[in-house]
Amino acid sequence: MIKNFVTLLPVALFALCAAGALEAEELGDTDAGQKVFKKCTGCHQVGSGAVDKIGPHLNGVFGSGAAEHEGYRYSKSMARAGADGLIWTAETLDAYLENPRALVSKTRMSFRGLKKAEDRANVLAYLRTFSDDPSDIPEAEPTAIAIDHDLDPAILALEGDPEYGEYLASECLTCHQSDGTADGIPSITLWEPEDFVIAMHAYKRKLRPHPVMQMLAGRLNDEEIAALAAYFKTLEE
């Protein structure tokens, strides 16, 4: 999904670096977060003596890069997110806890997400006590959390026009292969439209870190994203 790549990349990188500071709000209650975290303990541990289980332990997660925890075998999608520069801040962790697919479309984490903002804030407050950078300044990175970043359900309900999506897809097909092959670039063929829409809007909101995709997604309106999602769903591998 790249046009004039050599020209666009420096512009995208400049836009990324020039972004302003996040608006912030304090995280939640640590005691309440410890209770909510019990939903996570089937896969994750945190605190003294924590070890990797089905998922990696979460000590020091704030400020760390995705797939950065040494010794744990991550999915290819999570490793790719880390290579793209995804950092676990309160903002990205909040989005991931709400809907893991928002950041990593093919994550192995089967958890359906915490839909209540209060539950997510409380869990993040609890997890933050096991990270050093910093543990007592909610407004400072990497614990700053953006407000008003939920995706409107009405956007997910849009029915895209696959014919219009085919017209728009030429840039996408510069890098993504229509037959579903994935030689260094993930396949988007036969994606569920909801997954596609969530991913593209995550780039628009700069939750997913790839600078060129952030810029390209930012040029698309809701109907165009829905149309692309409908088109790629119709392709055959």
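From a predicted model like this one, the values you see are computed outputs, not experimental measurements.

It is worth spelling out the packing of aromatic side chains at this point. In this structure the tally under the stated criterion is eight aromatic pairs. With a centroid separation of 5.1 Å and an interplanar angle of 65 degrees, the aromatic rings of Y231 and F232 are classed as edge-to-face. According to the relative accessible area criterion, F232 is buried, its value standing at 1%. By way of ring pairs, the aromatic residues W191, F196, Y231 and F232 are connected into one cluster.

All right, on to the nonpolar core then. In this structure, F37, F62, W88 and L103 are the most contacted members of the largest nonpolar core, which totals 30 residues. Only α3 (76-84), α4 (90-98), α5 (117-128) and α8 (193-204) provide two or more residues apiece to this core. Grouped together as the second largest cluster of nonpolar side chains are 21 residues, I155, L168, A229 and F232 included.

The contact between α8 and helix α9 (residues 211-218) brings their axes to 7 Å, and the two run at 100 degrees. Considering the angle they form, α8 stands roughly perpendicular to α9. In contact with M200, Y203 and K204 of α8, α9 contributes M213, Q214, A217 and G218.

Excluding glycine, residues mostly carry a negative phi; peptide bonds, for their part, are mostly trans. In the Ramachandran plot, A67 falls in the positive-phi region, its phi being about 65 degrees despite a non-glycine side chain. Along the polypeptide, A67 turns up in the loop between α2 (30-36) and α3.

The element α9 is extensively covered by neighbouring structure, given that six of its eight residues are classed as buried. Among the residues of α9, those classed as buried are P211, V212, M213, Q214, L216 and A217.

What follows deals with the confidence of the model for the protein chain. Here the protein chain averages 80 in pLDDT, and 79% of its residues register 70 or above. The secondary structure element of the protein chain with the lowest average pLDDT is helix α1 (residues 5-18), at 35, and the one with the highest is α2, at 94.

For α8, with 12 residues, the first-to-last C-alpha span of 16 Å sits near the 16 Å given by 1.5 Å per residue. The buried fraction of α8 is high, at nine of 12 residues. When we look at burial in α8, the residues that qualify are D195, F196, V197, I198, A199, M200, H201, A202 and Y203. In this structure, the buried residues of α8 make contact with α6 (153-156), α9 and α10 (222-234). Phi turns positive one or two residues past the end of α8, at K206, with a value near 60 degrees.

So, how was this worked out
- Residues numbered from 1 in each chain as written.
- Predicted model: local features only at pLDDT ≥ 70, side-chain atom pairs only at ≥ 80, totals over all residues.
- Heavy atoms only, no water.
- Phe/Tyr/Trp six-rings, centres within 6.5 Å; stacked < 30°, edge-to-face > 60°.
- Buried < 20%, exposed > 50% of the residue type's maximum accessible area, 1.4 Å probe, protein only.
- Core = buried A, V, L, I, M, F, W, Y, C linked by side-chain atoms within 4.5 Å.
- Helix = DSSP H or I, 4+ residues; strand = E, 2+ residues; numbered from the N terminus.
- Axes fitted to C-alpha atoms, helices over the stretch in contact; angles between N-to-C directions.
- Parallel < 35°, antiparallel > 145°, perpendicular 65-115°, else oblique.
- Contact = heavy atoms within 4.5 Å.
- pLDDT = per-residue confidence, 0-100.
- Expected span 1.5 Å × (residues − 1).

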